[in-house]
Amino acid sequence: MNKTELLKNLIIEGESLSSTISYVPAPPNVFRTFSVYKTSQVDKYQSWQSSTQRFIKSYYPSDLTDFKEAAKKLSPENHRKILGLLTAIELLPEEPSSSESEYKSGTNITIHNSQNNTQNLVLNLFMDAIKDEITGKELKQLKEILAEYEIEPEKNKSKLTEKIKSFGTDVLTNIVANIITNPAFYGGLM
């Protein structure tokens with residue numbers, strides 16, 4: 001079934017479900033500040049609503065927010081809004097271009113840069129903590145092992161592990177303490 005036929009079927013089914021929605025009166029001695037409605041065909045209505053949401057999400061995502069708002073609460077008015085949305089899609093099937101999508105892509109770039117900055121900060125934090133605790137000679141040896149590790153990770157992993165262990169538990173403890181006590185790190189823990 002193509003998209004146009006599917007849309008027509010959703011509209012027809014939605015129109016037939018309109019008559020199944022009815023008002024639920026408040027019980028005696030109960031005062032409501034809102035209206036309550038039900039449908040006599042709950043399963044069929046739920047299936048139609050889910051199919052409609054899937055259709056809009058797949059083909060017309062710019063209308064998804066409007067659909068979700070109308071689908072929050074069952075009422076004849078909200079049902080008409082959903083049918084109106086489907087009818088509008090039928091009349092104007094082209095998805096509108098919006099500046100919102102351009103704005104979102106700009107936001108994504110900003111978030112991406114922010115993530116890179118955070119990664120660099122974390123990397124610098126670790127590098128500074130290591131440099132503060134090991135000698136220049138040990139740092140040079142560590143860099144050599146890391147260069148070999150990049151070429152053959154599996155083969156050189158044990159070399160890297162042994163080198164780190166050779167620093168001793170005091171040095172490793174100090175590195176971890178330097179990282180944890182750095183304001184950029186512990187500020188994120190609190």
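Nothing here was measured: the structure is a model prediction, and the numbers come from that model. (Residues numbered from 1 in each chain as written. Predicted model: local features only at pLDDT ≥ 70, side-chain atom pairs only at ≥ 80, totals over all residues. Heavy atoms only, no water.)

Next up on the list: the nonpolar core. Soluble globular proteins tend to bury their nonpolar side chains together. In terms of nonpolar packing, the biggest core is built from 18 residues, with Leu7, Trp48, Phe55, Ile56, Ile82, Leu86 and Ile89 touching the most fellow members. Those elements giving two or more residues to this core turn out to be α1 (3-18), α2 (42-59), α3 (64-71) and α4 (76-91). A total of five residues in this core trace back to one element, the largest contributor, which is α4. Excluding residues within four positions of it along the chain, leucine 7 makes contact with Phe55, Leu86, Ile89 and Glu90. Within the second largest apolar cluster, twelve residues are counted, among which are Ala129, Ile130, Val171 and Ile179. (Core = buried A, V, L, I, M, F, W, Y, C linked by side-chain atoms within 4.5 Å. Buried < 20%, exposed > 50% of the residue type's maximum accessible area, 1.4 Å probe, protein only. Helix = DSSP H or I, 4+ residues; strand = E, 2+ residues; numbered from the N terminus. Contact = heavy atoms within 4.5 Å.)

Next up on the list: the packing of α3 against α4. Between two packed helices, what matters for the description is the angle formed by their axes and the separation of those axes. With their axes 8 Å apart at the nearest point, α3 and α4 run at an angle of 160° to one another. Taken together, the axes of α3 and α4 are roughly antiparallel relative to one another. The handedness of the crossing between α3 and α4 is left-handed. Packed against α3, whose contacting residues are Asp66, Phe67, Ala70 and Ala71, the element α4 presents Asn78, Lys81, Ile82 and Leu85 at the interface. (Axes fitted to C-alpha atoms, helices over the stretch in contact; angles between N-to-C directions. Parallel < 35°, antiparallel > 145°, perpendicular 65-115°, else oblique. Left-handed = near helix turned anticlockwise from the far one by under 90°.)

The next thing to look at is the side chain of asparagine 156. As for its position among the elements, asparagine 156 is in helix α7 (residues 153-166). A polar side-chain atom of asparagine 156 sits 3.1 Å from the main-chain carbonyl oxygen of glutamate 152. Beyond its immediate chain neighbours, meaning those up to four positions away, asparagine 156 contacts Ile145, Glu148 and Tyr149. (Polar contact = N/O pair within 3.5 Å; in protein donor to acceptor, adjacent residues only side chain to side chain.)

Further remarks concern unusual backbone geometry. We note that asparagine 29 has phi near 65°; this positive angle belongs to a residue other than glycine. Here asparagine 29 shows up in the loop between β1 (21-23) and β2 (37-39). For asparagine 29, a relative accessible area of 86% translates into the label exposed.

What follows is about the pattern of salt bridges. Evaluation of the coordinates by the stated rule reveals four salt bridges. The partner of glutamate 90 in a salt bridge is lysine 8, and the shortest N-O contact between them spans 3.5 Å. On the criterion of sequence distance, the pair formed by glutamate 90 in helix α4 and lysine 8 in helix α1 is long-range, its members being 82 residues apart. Owing to a relative accessible area of 42%, lysine 8 belongs among the partly exposed residues under this scheme. Between glutamate 69 and lysine 72 there is a salt bridge, and its shortest N-O distance comes to 3.2 Å. (Salt bridge = Lys/Arg side-chain N within 4 Å of Asp/Glu carboxyl O.)

Next up on the list: the side chain of aspartate 63. Mapped onto the secondary structure, aspartate 63 falls in the loop between α2 and α3. An unpaired buried charge is present at aspartate 63: no salt bridge exists, and lysine 3, the closest side chain of opposite charge, is 11 Å distant. Ignoring sequence-local partners within four residues, the contact set of aspartate 63 consists of Ile56, Leu85 and Ile89. (Lys, Arg positive; Asp, Glu negative; His and termini not counted.)

Attention shifts here to the confidence of the model for the chain. It should be kept in mind that the predicted coordinates are not to be read in detail where pLDDT is low. Mean pLDDT for the chain: 82, with 82% of residues reaching 70 or above. This stretch, residues 100-115, has a pLDDT under 50; its non-local contacts, to residues over four places away or in other chains, come to zero contacts. (pLDDT = per-residue confidence, 0-100.)

The final tally for this structure, using the stated rule, is four aromatic pairs. Ring centres of tyrosine 45 and tryptophan 48 lie 5.5 Å apart, and the angle between their planes is 55°; on these two criteria the pair is classed as tilted. Within this pair, tyrosine 45 and its partner tryptophan 48 are both found in helix α2, separated by three residues, close to a single helical turn. Assigned by exposure class, tyrosine 45 and tryptophan 48 land together as buried. (Phe/Tyr/Trp six-rings, centres within 6.5 Å; stacked < 30°, edge-to-face > 60°.)

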